[in-house]
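# Notes for the structure review
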2 protein chains.
Amino acid sequence: MAKIKNGSSNKMDKFKGNQTIFFKNKPKIISGYSIVGPKEGRGPFGKEFDYVMKNDRFEEKSFEIAERKMLEHAILGAIEKSGLVPKQIDMLLSGDLLNQIISSSYAARAFDMTYLGLFGACSSMAESLAIGATLVDAGHFKNVACATSSHFSTAERQFRFPLELGSQRPPTSQWTATAAGCSIVSNTGKGPYIECATFGKVMDYGITDANNMGAAMAPAAMNTICAHFYDTKTSPKDYDLILTGDLGIFGSEMLHELMKENGYDISGKHDDCGKMMFDRTQDVLMGGSGCGCSASILNSIILKRFETKQYKKILFVATGALLSTTSTQQGESIPGVAHGIVICREEEED
Amino acid sequence: MAKIKNGSSNKMDKFKGNQTIFFKNKPKIISGYSIVGPKEGRGPFGKEFDYVMKNDRFEEKSFEIAERKMLEHAILGAIEKSGLVPKQIDMLLSGDLLNQIISSSYAARAFDMTYLGLFGACSSMAESLAIGATLVDAGHFKNVACATSSHFSTAERQFRFPLELGSQRPPTSQWTATAAGCSIVSNTGKGPYIECATFGKVMDYGITDANNMGAAMAPAAMNTICAHFYDTKTSPKDYDLILTGDLGIFGSEMLHELMKENGYDISGKHDDCGKMMFDRTQDVLMGGSGCGCSASILNSIILKRFETKQYKKILFVATGALLSTTSTQQGESIPGVAHGIVICREEEED
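Residues numbered from 1 in each chain as written. Chains lettered and ligands numbered in written order. Predicted model: local features only at pLDDT ≥ 70, side-chain atom pairs only at ≥ 80, totals over all residues. Heavy atoms only, no water.

### Section: the interface of chain B and chain A
Where interface size is quoted, it is often the accessible area lost as the parts come together. Keep this limit in mind: Here, two residues are considered to be in contact whenever any of their heavy atoms come within 4.5 Å of each other. The term buried area means the drop in 1.4 Å probe accessible area that two parts suffer when joined, counted for both and summed. By definition here, a salt bridge exists when the distance from a side-chain nitrogen of Lys or Arg to a carboxyl oxygen of Asp or Glu is within 4 Å. Definition of a polar contact: a pair of N or O atoms within 3.5 Å, with one able to donate and the other able to accept a hydrogen when the atoms are protein atoms, and with sequence-neighbouring residues admitted only if both atoms are side-chain atoms. Helical segments are the DSSP runs of H or I of at least four residues, strand segments are the runs of E of at least two, and each set is numbered from the N terminus. Residue type decides the class: Asp, Glu, Lys and Arg count as charged, Ala, Val, Leu, Ile, Met, Phe, Trp, Tyr, Cys and Pro as nonpolar, and the leftover types, Gly among them, as polar.
With 61 residues of chain B at the interface, the matching set in chain A holds 61 residues. Taken together, both faces of the contact between chain B and chain A bury some 4,900 Å²; the carbon and sulfur share is 55%. The largest per-residue losses of area from chain B upon contact with chain A belong to Q100, F119 and H140 of chain B, which jointly make up 14% of the total buried on that side. Linking chain B with chain A are eight salt bridges. For D204 of chain B, the salt bridge is made with R109 of chain A, and the minimal N-O distance between the two is 2.5 Å. The tally of links from chain B across to chain A stands at 28 residue pairs in polar contact (both at pLDDT 80 or more). Secondary-structure elements contributing two or more residues to the side of chain B that touches chain A are strand 1 (20–22), helix 2 (63–82), helix 3 (102–109), strand 5 (114–117), helix 4 (124–137), helix 5 (152–159), helix 10 (325–329) and strand 14 (336–344) of chain B. At five residues, helix 3 of chain B tops the list of elements feeding residues into the side of chain B that touches chain A. Its residues assigned to classes, the side of chain B that touches chain A shows 29 nonpolar, 18 polar and 14 charged.

### With respect to the nonpolar core
As a reminder of what qualifies: We define the nonpolar core as a collection of buried residues of types Ala, Val, Leu, Ile, Met, Phe, Trp, Tyr and Cys that are connected through side-chain atoms lying within 4.5 Å of one another. Exposure is judged per residue with a 1.4 Å probe applied to protein chains only, and the accessible area is read against the type maximum: over 50% gives exposed, under 20% gives buried, and values in between give partly exposed.
Counting 100 residues, the largest nonpolar core has L129, I302 and F316 of chain A together with L129, I302 and F316 of chain B as its most contacted members. Counting residues in each nonpolar core, the second largest holds 68 residues, with L84 and A147 of chain A together with F58 and F111 of chain B among its members.

### Quick notes on the packing of helix 2 (residues 63–82) of chain A against helix 5 (residues 152–159) of chain A
Residue and element names in this part refer to chain A. Put simply, the test is: Between the N-to-C directions of two axes lies an angle of 0 to 180 degrees, each axis being a line fitted to C-alpha atoms and, for a helix, fitted only over the stretch in contact. In this scheme, roughly parallel covers angles under 35 degrees and roughly antiparallel covers those over 145, while 65 to 115 is roughly perpendicular and the rest are oblique. By definition, any crossing whose near helix is turned counterclockwise from its far helix by less than a right angle is left-handed, and any crossing with a clockwise turn is right-handed.
Contact pair helix 2 / helix 5: the axes reach a minimum separation of 8 Å and the direction vectors enclose 135 degrees. When the axis of helix 2 is compared with that of helix 5, the two are oblique. You can see that helix 2 and helix 5 cross each other, and the crossing is left-handed. Here F63, E64 and E67 of helix 2 lie close against helix 5, whose contacting residues are S153, T154 and R157. Its residues placed into classes, the contact of helix 2 with helix 5 shows one nonpolar, two polar and three charged.

Encoded structure:
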């Protein structure tokens, strides 16, 4: 197997060169819509989101119903922005963090379109775009909606402690973003296109601390990004941005170290949705997390930067920590997975 | 919109004719492997499974680890039967019933292949085959593993009550099968091929009884089967078998009624994996359920009947109930979804 430049690590032997698939027909992201909670709305990019909720309950009787409503809102919003109507959307591909992904499945009930439920934890936005692009690229469908959501209050009480306990949070923990995002992927229309997708392998470096998910996910991000460079014969210089979601501050530092071990310096090119969502004054410790974090960042500020021609080509790598409360209680370590897609500006726009 | 023959119901207006995708390159199921628990091994088709566990714990310290081990066993078994080795498998597509699909994600950790996590509850086996076939058909991957699992003891304590309580089960309830199955889908080799896939929409007729999932899923099965007939211009007579998984006895009766309302009599063609898994003497009430039920039936007796040329063409429709304990506790009704694939014998085998 060919060695990567500066190949300083035998980990590269893992890359067999078959994790990336290329699309022939340039499936396009013709619109994106983002909705966030009030805390996220006060973050550095708060003004970029399409909708900022006044409160986390979104006028519903439970946080779970609020999360579902956010997701429905994002899906409808993206469809509306695309200039299409719901009956023109062939499929909804969606995932979230709740047990049995009820936010997605119940949101799907509101729409008259086929539905694929996905679970890749916080990697779900990239997973939905990768599969959605595959279906559109092959000509099976014309328009698909790719969406994910997360909600601080539904995630906290499911994975950690009820909010009422007021538990202190350890310094490496991240803050589940209350956010949802949806992209419409289409075979016609205008917008940046998805050039290829790199699917991730499950990586586990033995992290057992469910309050340090950045560390649990960084190896998966490293593996997918290295596999992507290997498969596509590219390197960091070929991208305007390498955007992970959501490693947070600590996980991002770990990723930089792991990439260096593999001969890549991504420090000038890398940003992370978890770091972008909040600023340090917001008491979120290592930054944001949750499927909705990368979904809302991607479908707001990132797509806008394509419109303003700030970006020509980016690598978006969403990372997921594949734990459950049961696996944690049984003493298991936390596996991670990361899926990546390359988004490019259409050449005719130059 | 064209009317279906005997179109006796306005429900047919829901079929827009774009739920089915057709494969051009005949992605083949080149092998299948099934593993079941001891109770399932005593069922009518017990002798057909590749492996019957001596006990539900599979020599592990928890039922959750046993389920994961079953799934790993099924994946390795299917790869071995296909004549391939694990490094030739490009992707694992897997789902299960546990929160955050830990059986699938932790099983994926054991393999050096990319991983897509799916959640469609008991529809997951058809979902994984449909997406796996899409990826193989488009030439993106050569060989993929499509797998699901379920385990009576992990599902009971997660969704209902700990076994130790000895709770009585209502008459409409089904018995989550302790079972896993895996198919290898490939662009070369011998085996029946997947002709097309029909993706389902989420249907909800307002059933709120989590012990009557057959009734919750039957409308989704009806919708997908009718959409399939509409899209493919076929009817029950074109199939040797219409196999649902897992409606059980009551859900199957309801499906027959719903199909009749839409002008189709499937009574002579239909069977259900939940009905096939157990016989009435095994105290399972309405029959089996769980992702592993349809996965193990499909990957044993059904594939064997293709080998013996008993079948030329079947429609396999796996059905999922998209509830969680939270949605039930919040008084929500139970949405269902069903995805279908058509499996055909290769013509050259005639």
